[in-house]
Structure formats: structure tokens, C-alpha cells
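Remarks on the overall topology
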Amino acid sequence: MVNMGENEWLNGYLEAILDVGSGKNGKRGDAGESGRKSGRKKVDDEIYEMMMGMEEDKGEKVFSPRKYFVEEVVNSFDEADLHRTWIKVIATRNSRLRNNRLENMCWRIWHLARRKKQIAWDAAQKLAKWRFEREKGRNDAAQDLSELSEGDKDKGDSNKTDAITRISRIHSDTQIWPDDKSRQLYIVLISLHGLVRGENMELGRDSDTGGQVKYVVELARALANMESVHRVDLLTRQITSPDVDSTYGEPIEMLSCPSDGFGTCGAYIVRIPCGPPQKYIPKESLWPYVPEFIDGALGHIVNMARALGEQVNGGKAAWPYVIHGHYADAGEVAARLSAVLNVPTVITGHSLGRNKLEQLVKQGRLSREDINATFKITRRIEAEELGLDCAEMVVTSTRQEIEEQWGLYDGFDIQLERKLRIRRRRGVSCLGRCMPRMVVIPPGMDFSSVVEQASLDSDGDLKSMIGSDRIHKRPIPQIWSEIMRFFTNPHKPMILALSRPDPKKNVTTLLKAFGECQPLRELANLTLILGNRDDIDDMSSSSSSVLTTVLMLIDKYDLYGQVAYPKHHKQPQVPEIYRLAAKTKGVFINPALVEPFGLTLIEAAAYGLPIVATKNGGPVDILKALSNGVLVDPHDQKAISDALLKLVADKNLWQDCRKNGLKNIHKFSWPEHCRNYLSYVEHCRKYHPNNHLSVMSIPEEPPSESLLGIEDLSLKFSFDVDVKAIGKLDSAANHQQKIIDILLQKTTCNGKSVNIYGPGRRQWLYVIAVDGSTCETLPTIIKNVMQVSGSKSGQIGIVLLTGLSLEETKEMLGSYFSQVKLEDFDVLVCSSGSEVCYPWRDLVADEGYESHIEYRWPGENVKSMVMRLAKIENNTTENDDMKLSQYCSRCCYSYSVKQGAKTVKMEDLRQRLRMRGLRCNLVYTHAASRLNVVPLFASRIQALRYLSVKWSIDLSKVIIFMGERGDTDYEELLGGLHKTVILRDSEKNVNSDDGLKKDDIVISQDSMKVALAQGFGVDDISKALGCFGII
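Treat the numbers as computed from the prediction; the structure is a model and nothing was measured.

Thresholds applied
Residues numbered from 1 in each chain as written. Predicted model: local features only at pLDDT ≥ 70, side-chain atom pairs only at ≥ 80, totals over all residues. Heavy atoms only, no water. Helix = DSSP H or I, 4+ residues; strand = E, 2+ residues; numbered from the N terminus. Buried < 20%, exposed > 50% of the residue type's maximum accessible area, 1.4 Å probe, protein only. Contact = heavy atoms within 4.5 Å. Areas by Shrake-Rupley, 256 points an atom, 1.4 Å probe, with all protein chains shown as cover. Axes fitted to C-alpha atoms, helices over the stretch in contact; angles between N-to-C directions. Parallel < 35°, antiparallel > 145°, perpendicular 65-115°, else oblique. Left-handed = near helix turned anticlockwise from the far one by under 90°. Nonpolar A, V, L, I, M, F, W, Y, C, P; charged D, E, K, R; others polar. Patch = residues over 30% accessible without salt bridge, like charges linked within 9 Å, V, L, I, M, F, W, Y side chains within 5 Å. Salt bridge = Lys/Arg side-chain N within 4 Å of Asp/Glu carboxyl O. Lys, Arg positive; Asp, Glu negative; His and termini not counted. Charge placed at Lys NZ, Arg CZ, Asp CG, Glu CD. pLDDT = per-residue confidence, 0-100. Phe/Tyr/Trp six-rings, centres within 6.5 Å; stacked < 30°, edge-to-face > 60°. Lys NZ or Arg CZ within 6 Å of the ring centre and 35° of its normal. Core = buried A, V, L, I, M, F, W, Y, C linked by side-chain atoms within 4.5 Å. Pairing = 2+ DSSP bridges. Expected span 1.5 Å × (residues − 1).

A word on the overall build of the protein chain
When its secondary structure is counted, the protein chain shows 35 helices and 28 strands. Relative to its full complement of 1031 residues, the protein chain shows a buried share of 55%. Considering only intrachain contacts with a sequence separation of at least 6, the fraction spanning at least 24 residues in the protein chain is 73%. When the accessible area of the protein chain is evaluated, it comes to approximately 45,200 Å², of which 50% is carbon and sulfur surface.

Right under this line is the structure:
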């Protein structure tokens, strides 16, 4: 039986929607019937668009009463009520247009409610499936790791629950960071999006320029002030748009420089060009330009490492101590740079994509497809997963962030991470599995201004400062006057709440608690600092709804003279607001439904204010450290009012909380933050391999083609030539002479000069990365590219990037020996980037590259696992669709996929491997007939970046020849600083299968870097290169 009261409310809401529409768009008087019909049609269209989730996409900021009523209907009433109302309207239908519109609108809202329920059901099903896979992965890992000793098993099980409820601030075997000037560390921070500068930060200008910008700038300054840190670079995007200040276009901005420093020490903002320079791009649209930023950042770091090496490291490159990415986009950049430079990676999420997706799905306004189209959420989540794959450490602000946010990701399992950490600490093999270490390091604060201001106002209460007989002649701050004008008695203790006017901040519950507690109203005043506003109607719908409710509640409880709600305040005035509350012996409250961290709580404590805070999220850790307040249930009005009354009424308790806060506040200072941060990084570096990457010095001028300088030039990079080529040697002198003889023999052929390999000689690299071509086509393409290089062959190096194994490449080129020879290549990058070999050194593998990619490579532990998971995917007892091929190598397991078989989706296979702690890179090649499983840090584009660093070749001097389609790593080769020539009709369509496509891959089509060749003939290639001004 439907409650009649509820039906009356429902009918009232539906009528209100029509009335709002008529008032806004209807025409009266002289408008005429046609005008009224046109207005009604417009209202119906707007209602439909709003219900379909389109109104927010338009970016409208005005308050919409119609939207408010529709949301009330959808969220407050069951679809059965809507259906009954619709039936009732149909039954009472008459010729009046209003009834017809009511019927139509009721039908639409009913379907909206059903759609919302369906979205919620789909989300629940997907979450249940994910949890099932997570549990299955956890059990598989536990079974594989069961070889722990019984003592270890007991310890692991006993800590299973403890891992969730207790996370130590400092690891037991982590030593506190010592200040040591002799270390001279170089640290790189990355924050890609938003407007980043050191002074006059435009916080709140847009959603991309907020707390993260302030955090990374202050972190850079604080780290640079540590004795052992020589230089900190904060990398961000360079913006020269006329829509923003010109300071954002400056390549370098100094943040700080110690007075006793030397050289290039200090903290700097370094702005890297990427994307359209004249355009300010929001973070959701930056993804196509991330590869370009990676290449630019790599160039800067290499140059800086070389310069710092000359200053502080005896001429040896001084690589970064750590690369720290902030947010998903910078996390991906840090992961890629780490793979090239072999430097530890740290990431900080700030806000996470899966958490945002979950919230948006719960709202039910948009489907997953619409959410992804608007926010590029799939691309963001994959970047966060990649960050987890590569990171040594993840910095969080609270335990809640670890358990409830990072716990949603495939790449992190708190129970499995605990087990792996125990095994690693005890020297037991983890069987190729790894998990990043989650650490809680609260953001720091600069308390110097707080101490200075406190010393100025240490004497005198509020009465002595604002009374007519006040002792102090200093004028009171303007914001004090603005607040106190609301109060009948401004001397009463002030309860202060400071937040955005957001429903999640739960200000309305606080106001109800205050209004319904008469003793609290008699004892204290309430101040609500809810952002800045000129006109509530001009604000976003959520903000205007909160502020409207606040005003209604003030009127309902008759709180005039007891509640202050100023319209404006400036950021520099916030400390004065805290001081006013402290002068009145007031209390600060944060009643948010969930508070990820709670920076305002620390700020308030620094000014001596006791605090009342939500028990959900970061405040739990803060109050545990400060011992200066009370935690409350944000939904319990009585608990909120009781806590406030207790602190305000009991002066001894107020004084104790104040003293505890001031005594413990140093735990949240920047020096404390940096000491903890560097201690954790030092601990993580114990398990990270050392960096052996050397950078070749750039010659002052290109050497001639003669052999006069061969001894000086070539020996310094090829002294370790394979012994097989020169036989046994008796002495170092003979060794050197034999090398020269071999190179001399290779320089002439029938009296003609032959290309001599020499890193540092090459001014350009021509990279052939044509995938899926037949054996007849690829050698022809290679021959034509080499022919185009022509007379400049001494300046142009030829590189082959292929998904073929080294053996297959040798067989293919050997079959067409007359067209292409192995010796014609500078480098062969085979097996989807897992093998780098030098033909000029008898195909010797690059040991430095191997040491890079072997880190976190599961090796044999993943070989059978892939087959097992593929069988799960196909749901068969006999897995004949995928078999291990004969073309496997040390760092590549290659699986043949049966022709016509349903191909395993890479995303599902990668997810299952991540859930088991196995980090790999998966590539379909050979027209989707083969799956290559290679190390996480191995890929064709990463191999190219590695070579550019090792040989000191600018990536803008690299040209990649590709087909129109290719292997599943094809998209990775398209972006970056290099130039691309796309050869038409050069290979089969590999990415046509929906099961192989990457979700939400966006490719930047920059005409200055991409040229299209109509074929793969010499003339076609030459014409395409002409677009770059090369030929």
C-alpha cells in the first residue's frame, strides 16, 4: 500500500517542476499561444536533457530549481510510486495540455529512476566479479608462497588482520634520516597539470589548480632545505597561453636557493613544453601529450645529471635519487622515466580514479560509457595501475586512503603486500611477485608565521583588543570586523567551521546540531566560512543548494545574532580567522561525511584551537598524533553538539587540548615530513638495483668519414667488443690493435667506403617499426629506407624495432641477404623490446638494458601462470588455443595463438597477473597470432628512449617508420618528440579485433611530427621526409 503522504509529496514535486518551467520560460500577456507552446516545448526538452545527465556537461553554473526537484523525485521515491502516479495521471487524463505534459514527464522520470537502478545493479555486479577475481588471485598467490616456514606462516596469519588495522609510521628496520651534506642528492618531483608557480598561487582558479599545487611547491622547497639534498626539480607543463599569466611560460623558476649553496643547488620549477603551447589544457584532455612530456622530461634530467655530475660527482652523471609523480598523469611519467633511467619511483595519488568512478556510478546520472567519455576515467585508472606496477613506494596521507581507495586497485592487495614484505625482510624468495610499499606521511606545514604571530598576541584577551578601553592600539584585522558584525555578543566562544559549500562537508548537520542544542546556543557563537560568493544564483547547483539550506536553517531556528556567514574572505585572512576563534577560547570543527586528510585540522591546532572532527578518514590519524580533541559520527547531531558543548564548557579540558595540540604540532611540520620521506626512500633503495647507465659525451664536431680518428672515437665505446670476433689476446695493446684491424677491414669493400658504426657520430636515427608485414614486404621497406639515407649514411643510424625474436629476425634477413644485411643496422630491438643487440658487435646483447628490464621480471614464475590464466579466460579444460612457442628468450615468453580462436583479452590477463603480484608487459604481435610476455620495463618505445640517453641523441632527431596499424604497442610509438612517417599498405590489420583494443587511447595528430607516405617506395619515403625538411 502506497503511503498517501508520500504520494502528495511526489505530486507536489511534479507540479513544482512544471511551475518552475512555466515561470522561467513561459510567456504571459502578449506572448500568444504559440509563444506559450514554444516555451513549454523548451522546458520539456531541458527536463529531458537534464534527466539524461547532459545539463552538467554544458558547464552551467546557475542554480536550477527544476533539477533540484527532479533529483528529489529520483532519490527520494521508489520507482513503484512513480509508476502508480503515471497510471493515475493516465486514468484522469483530459484535454488539458498540463495533464499531458505531466503524464509525459512522469513517464520520463520513471524511466530515469529505472535506469539509475540498472546502473547501480550493473556496478554491484562488476564489483562482485572484481572481488571474486581478487580473492582468487590472493588464494593463488598464497598457495604459491606456501613454502614459508611454519613460524613465518604463523606470523603472516597473525598479521593478516593487523595489516588492515595498523600501519606503522616508520618501518621497524628504517632508520631516521640523518642530515649529511656530503650526499648532495638530486630529487625530481613531477606535477603535470594545473597552473604551478612559486608565488601568488592562483589556488581555486579551476579544478586543476588546488591543494596539489600548493603541496608540491612547498614539498620542493622543504626538500631543498635538507642538508643532504643538493637540488630539487619540480617538473610541470609550460603554458604560454594568453589566457594565463606569462609566468607560466617561463622555462625555469627558482623556488629557493640556500645562502651557503653553490652551483645549481636549490629548488626550481622546470616547465616542459608539451601539447599546443598557446592553449591551457585541463587534465582530462592532457593524455595525448603525456609521451611528449616524458621525452622532454627525460632530456632535461639527462642534461641536469651531466651538469650536476661535473659539479658534485667527479664528472660521473648524478642521476636522481628518486622520481616522484603526483596524480595519475605524473605517475605515468615517473613510471616511464624510472624504466629508462633505472631510478626508484614514488607516487602520490592525491585523488584516485577508481574512487571517483565509484562515486559517479552511485549517483546514477551517467553510465560508465558517459563517465569515461567526459572524464577519461579508464585512461586515468590505467595510468594509476601502471604507477603501482612501477612504484617502490606510494605516499598517502592516511590509513583510510590505503584501505578504502588504493585497495580498489588490481595492483595492490594489502594482505599480499604484507606477506611479500615479511618474505623479503627474511631473505625468502617472493617468486617474482612484488607490491609497492604504502606509507603514511601526512603533508607538512610551515609554522614559522604561526609562531611569530602568536608571540605578538600572547597577551590580552579579545575584550582588551576590541573594547573601548583596549590596551593595544593596533587596529584589529578587517576580517574580524566582518565576522563580529553578525554577533549580538562577539565575546562568546566561537565554534568555527571552514570548508567549501559542498554537501559532503556536512555543514547543514552541524547547523542543525547547533540550532537544536539550547545550552550550546547560549554559550557559544557559530562561524561558517563557506568560500566566497557574490550571488547564490550564480553558483553551481550543489553549492547554491547548500547555502540556501544554511539560510533556511538559520531562519528556522532563529539563529540571527548567533551565526556568522560572511560572503568573502581572502586566503591570507584565514590565519586571522583561526586567531579570532582562539582569542574567544573557541573550537574548530570538521563535520565532513568523509575527510581524506583534514589539513584545516592541523592549521587550527597550530593556532591553539581544540578540534572536533569526523571519525571517517584522516582525522583519526591526526587526533591520535595531536591528542587535542574529539572524534564524532558526522551523522549523529547529538554527538556533535555534546562534543562541542563539552570542549566549550570545560575550560580545563579546553586548555589541555590546546597545550597538547601546540606540543605535538611539530609532527606535521615540513622538516619532519621530509625526514620521514627520505628515510622511507632510503629503505626502498636497498631493494632497487644500482644505476649503471652512462651517458656518452657529445663530440664537439661530427668526425670525418676517414679513419684518422677511429682510435680516439670508437675505442671508448667498443673496447669491450666480443672476444669471439678477435680470438684470444695476449695483452691490452694487442687487444686494442686487433679491434682497430677488425674495424679497418669493415671500412672498405671493393674500394668503397662502408658505414662505420659510432655512437656520437649519428645525428639522426631512422627507426623501422613496421609490424605484421610479410617476409617479402619488410626487407623491401628496410632496403628503401636505407637507400633514402644515401650519402648521409655516416650521420644516420638504422634501428629495427620488431615483435619478432632475434632468431626470426636473422632468418628473415638471411633469406633476403642481397637486399639487407645485419651489418647495415646499428641496433636490433627484438621480441617487443625485450632484446637489444648490436650487429656490429657480433649481435652481443646490451647488458645495461638487460639489467634495467630484469628488475621485477617474474621470469619462470610467470611462464606457466599465463597458460593457466588463459585457460580460465577460455573456460575450457584443455587449452589448445594457446601454446608456448619455440621463440622464447630469457626475457620474453612467446605464446602461439591458434588461428580463429577467441583471443584472450589483454586487459583481463593483465588484471589477473596484477592481482597475483606479477608485473609484466603484454603485446600481441604477428597479426594477433602470438602473445609476447615481456618484463614490465621492456617495450619498443622504452628501448628507443634508452638508446637516446646512452648515445646522447635528441629524440627530436629520431624518425620512426610505421604502418597504418600494428602490434598492440603500436599506439605507444606514435606519441612523443620523435617524428613519424606512416607507410600505407605496409602491413595487415592487427588491432581490428575488439578484444585487442586498448580502452580510451587518444593519439595526438600533430602535423609537424607526422607525415603520411602513400606507399613504401623510395620516392614515397623521400617525399614524406621532405615534410620534415630533411630531404
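Brief notes about unusual backbone geometry
In this structure, Asp558 takes a positive phi of about 55° despite not being glycine. Among the secondary structure elements, Asp558 is positioned in the loop between helix H20 (541-556) and strand E11 (563-564). Positive phi is not limited to glycine here, since Lys585 has a value of about 60°. Looking at the secondary structure, you find Lys585 in the loop between helix H21 (574-583) and strand E12 (587-590).

Overview of the packing of helix H8 (residues 290-312) against helix H34 (residues 940-951)
For the pair H8 and H34, the least separation of the axes is 11 Å and the interaxial angle reads 25°. The angle between H8 and H34 places the two elements in the roughly parallel class. As H8 packs across H34, the resulting crossing turns out to be right-handed. Of the residues in H34, those in contact with Pro291, Ile294, Asp295, Leu298 and Val302 of H8 are Arg945, Ser948 and Val949. By residue class, the composition of the contact of H8 with H34 is 5 nonpolar, 1 polar and 2 charged.

Observations concerning a negative patch on the surface
Together, Asp534, Asp535, Asp537 and Asp538 line one region of the surface with negative charge. Note on placement: Asp538 falls in the loop between strand E10 (525-529) and H20. The exposure class of Asp538 is exposed, given its relative accessible area of 53%.

Remarks on the confidence of the model for the protein chain
Here the protein chain shows a mean pLDDT of 79. Residues at 70 or above account for 71%. Within the protein chain, no element has a lower average pLDDT than helix H27 (residues 710-718), which sits at 38, and none a higher one than E11, at 97. The low-confidence segment residues 1-7 (pLDDT under 50) makes 6 contacts with residues lying over four places distant or belonging to another chain. Taken together, the stretch residues 454-459 has pLDDT below 50 and engages in 6 contacts with residues farther than four places along the chain or on a different chain.

Some points on the environment of His635
Structurally, His635 is set in the loop between strand E14 (629-632) and helix H24 (637-649). Between the C-alpha atom of His635 and that of Leu593, which follows or precedes it by 42 residues, the distance is 7.5 Å.

Description of the packing of aromatic side chains
For the structure shown, the criterion picks out 11 aromatic pairs. Ring geometry for Tyr578 and Tyr607: centres 5.6 Å apart, planes at 20°, overall stacked. With Tyr578 in helix H21 and Tyr607 in the loop between helix H22 (599-606) and strand E13 (611-614), this residue pair connects regions lying 29 residues apart in the sequence. Since its relative accessible area comes to 1%, Tyr578 is described here as buried. Since its relative accessible area comes to 14%, Tyr607 is described here as buried. Considering the side-chain rings of Tyr766 and Phe961, the 5.6 Å spacing of their centres and the 70° angle between planes classify their relative orientation as edge-to-face. Taken together, the residues span a long stretch of sequence, with Tyr766 in strand E17 (residues 764-768) and Phe961 in strand E26 (residues 958-963) at a distance of 195 residues. This pair shows no difference in class: Tyr766 is buried, exactly as Phe961 is. Over the aromatic face of Tyr409 sits the side chain of Arg354, whose NZ or CZ is 5.2 Å from the ring centroid. The ring of Trp764 carries the charged tip of Lys957 above its face, separated from the ring centre by 5.6 Å.

Digging into the nonpolar core
Counting 95 residues, the largest nonpolar core has Ile190 and Leu341 as the members making the most contacts within it. If near-sequence neighbours (up to four positions away) are discounted, Ile190 is found in contact with Leu234, Leu235, Phe293, Ile323, His324, Gly325, His326, Ala330, Val333, Ala334 and Leu337. Among the nonpolar cores identified, the runner-up in size contains 37 residues, and Leu496, Val574, Tyr607 and Leu609 belong to it.

Observations concerning the sheet that holds strand E22 (residues 882-884)
Strand pairing within a sheet occurs via backbone hydrogen bonds; the two strands may be parallel or antiparallel. Read from one edge of the open sheet, 4 strands run E22-E23-E25-E24, paired in antiparallel fashion. Across the chains shown, the open sheet's two edge strands, defined by having one partner strand only, are E22 and strand E24 (920-925). Sheet twist, expressed as the mean angle between neighbouring strand axes with direction ignored, is 25°. Looking at chain direction, strand E23 (residues 893-897) and strand E25 (residues 930-935) are connected through 4 bridges and run antiparallel. Looking across to E25, one finds that Tyr895 is bridged to Leu931. Where helix H33 (residues 906-915) meets the sheet, its contacts fall on E24 and E25, and the angle it forms with E24 comes to roughly 160°.

Some remarks on the sheet that holds strand E1 (residues 185-190)
As summarised here, the arrangement of the 8 strands in space is E3-E4-E2-E1-E5-E6-E7-E8, forming an open sheet in which the pairing is mixed. In the strand order of this sheet, the two ends are held by strand E3 (252-256) and strand E8 (437-440), each with one partner. When strand polarity is set aside, the average angle formed by the axes of neighbouring strands in this sheet is 25°. In this structure, strand E7 (residues 393-396) lies alongside E8, joined through 4 bridges in parallel fashion. Residue pairing for E8: Val394 is matched across the bridge by Met438.

Details of helix H14 (residues 414-425)
Counted at 1.5 Å a residue, the expected span for H14 with its 12 residues is 16 Å, and the 16 Å between its end C-alpha atoms agrees. Extensive coverage of H14 is indicated by the burial of 9 of its 12 residues. Listing the buried residues of H14 in full gives Ile414, Gln415, Leu416, Glu417, Arg418, Leu420, Arg421, Ile422 and Arg423. Among the residues trailing H14, Gly427 stands out with phi positive, at a value near 75°.

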